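# Descriptive analysis of the structure
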Amino acid sequence: VQLQASGGGLVQAGGSLRLSCAASGGTFSTAVMGWFRQAAGKEREFIAAIGWSGSTPYYADSVKGRFTISRDTVKNTVYLQMNSLKSEDTAHYYCAVSVRRSGSWSSPTRYDYWGQGTQVTVSS
């Protein structure tokens with residue numbers, strides 16, 4: 001399985017970005033797709049997750065109401081729409097796939113495959 005994340009960049013506070021994660025090399029019909037981020041000097045943090053079948057998305061409290069996760073099953077791509085960005089959203093963002101059926105969606109250990117990530121920098 002390969003995951004290719006894109007869409008990061010530099011944006012002013014209050015602005016928006018949309019991250020994409022293209023998945024290939026596997027079957028994702030029962031997978032969970034997640035987004036995490038890691039700021040410099042901090043641990044990897046859960047952001048959002050969605051079941052490939054279209055189950056209700058799950059968000060971290062820190063991004064709820066500002067970020068939206070979605071997926072396109074034809075393009076095998078997961079998106080993270082980020083609005084009202086804040087300086088504290090600055091981090092390297094990673095997408096991940098879980099093909100196992102146990103574990104919390106918010107735990108990095110749930111996920112089997114990780115993309116290389118994309119940097120998001122929010123200037124204040």
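What comes next is a walk through the structure. (Residues numbered from 1 in each chain as written. Predicted model: local features only at pLDDT ≥ 70, side-chain atom pairs only at ≥ 80, totals over all residues. Heavy atoms only, no water.)

A word on the overall build of the chain. Looking only at helices and strands, one finds zero helices and eleven strands in the chain. Along its sequence from the N terminus, the chain presents helices and strands in the succession β-β-β-β-β-β-β-β-β-β-β. Taking 2.2 N^0.38 as the reference for a compact globule, 124 residues should give roughly 14 Å; the C-alpha atoms of the chain span a radius of gyration of 13 Å, in line with that estimate. The principal-axis extent of the C-alpha atoms belonging to the chain is close to 40 × 25 × 25 Å. Counting only contacts in the chain whose residues sit at least 6 apart along the sequence, the fraction spanning at least 24 positions is 55%. With an accessible surface of roughly 6,100 Å², the chain has 47% of that area assigned to carbon and sulfur atoms. If you average the places of the 12 positive and of the 7 negative side-chain charges in the chain, the two averages end up 5 Å apart. (Helix = DSSP H or I, 4+ residues; strand = E, 2+ residues; numbered from the N terminus. Rg over C-alpha atoms; globule rule 2.2 N^0.38 Å. Contact = heavy atoms within 4.5 Å. Areas by Shrake-Rupley, 256 points an atom, 1.4 Å probe, with all protein chains shown as cover. Lys, Arg positive; Asp, Glu negative; His and termini not counted. Charge placed at Lys NZ, Arg CZ, Asp CG, Glu CD.)

Strand order across the open sheet formed by four strands is S1-S3-S8-S7, with antiparallel pairing between neighbours. Only two strands of the sheet have a single neighbouring strand rather than two, namely strand S1 (2-6) and strand S7 (67-72). Strand after strand, the sheet turns through a mean of 15 degrees between neighbouring axes, direction not considered. Where S7 and strand S8 (residues 77-82) come together, six bridges link them in antiparallel fashion. (Pairing = 2+ DSSP bridges. Axes fitted to C-alpha atoms, helices over the stretch in contact; angles between N-to-C directions.)

What follows covers the nonpolar core. Formed by 36 residues in total, the largest nonpolar core has its most connected members in Met33, Trp35, Leu80, Met82 and Tyr93. Every element with two or more residues in this core is listed here: S1, strand S3 (17-24), strand S4 (32-38), strand S5 (45-51), S7, S8, strand S9 (91-98) and strand S11 (118-123). If we skip the residues at most four places from it in the chain, Met82 touches Gly15, Ser16, Leu17, Leu19, Arg66, Phe67, Tyr93 and Val120. (Core = buried A, V, L, I, M, F, W, Y, C linked by side-chain atoms within 4.5 Å. Buried < 20%, exposed > 50% of the residue type's maximum accessible area, 1.4 Å probe, protein only.)

Quick look at the packing of aromatic side chains now. Under the definition given, this model contains six aromatic pairs. An aromatic cluster is defined as three or more aromatic residues linked by ring pairs; in this entry it consists of Phe36, Phe46, Tyr58, Tyr111 and Trp114. Sitting above the plane of the Tyr94 ring, Arg44 keeps its charged end 4.0 Å from the centroid. For the cation-ring pair, Arg44 lies above Trp114, with the distance from its terminal atom to the ring centre recorded as 4.7 Å. (Phe/Tyr/Trp six-rings, centres within 6.5 Å; stacked < 30°, edge-to-face > 60°. Lys NZ or Arg CZ within 6 Å of the ring centre and 35° of its normal.)

Most of S9 sits inside the fold, with seven of its eight residues counted as buried. Taken together, the seven bridges between S4 and S9 define a ladder with antiparallel strand orientation. Among the inter-strand pairings, Gln38 is bridged to a residue of S9, identified as His92. Pairing analysis gives three bridges linking S9 to S11, with the strands arranged antiparallel.

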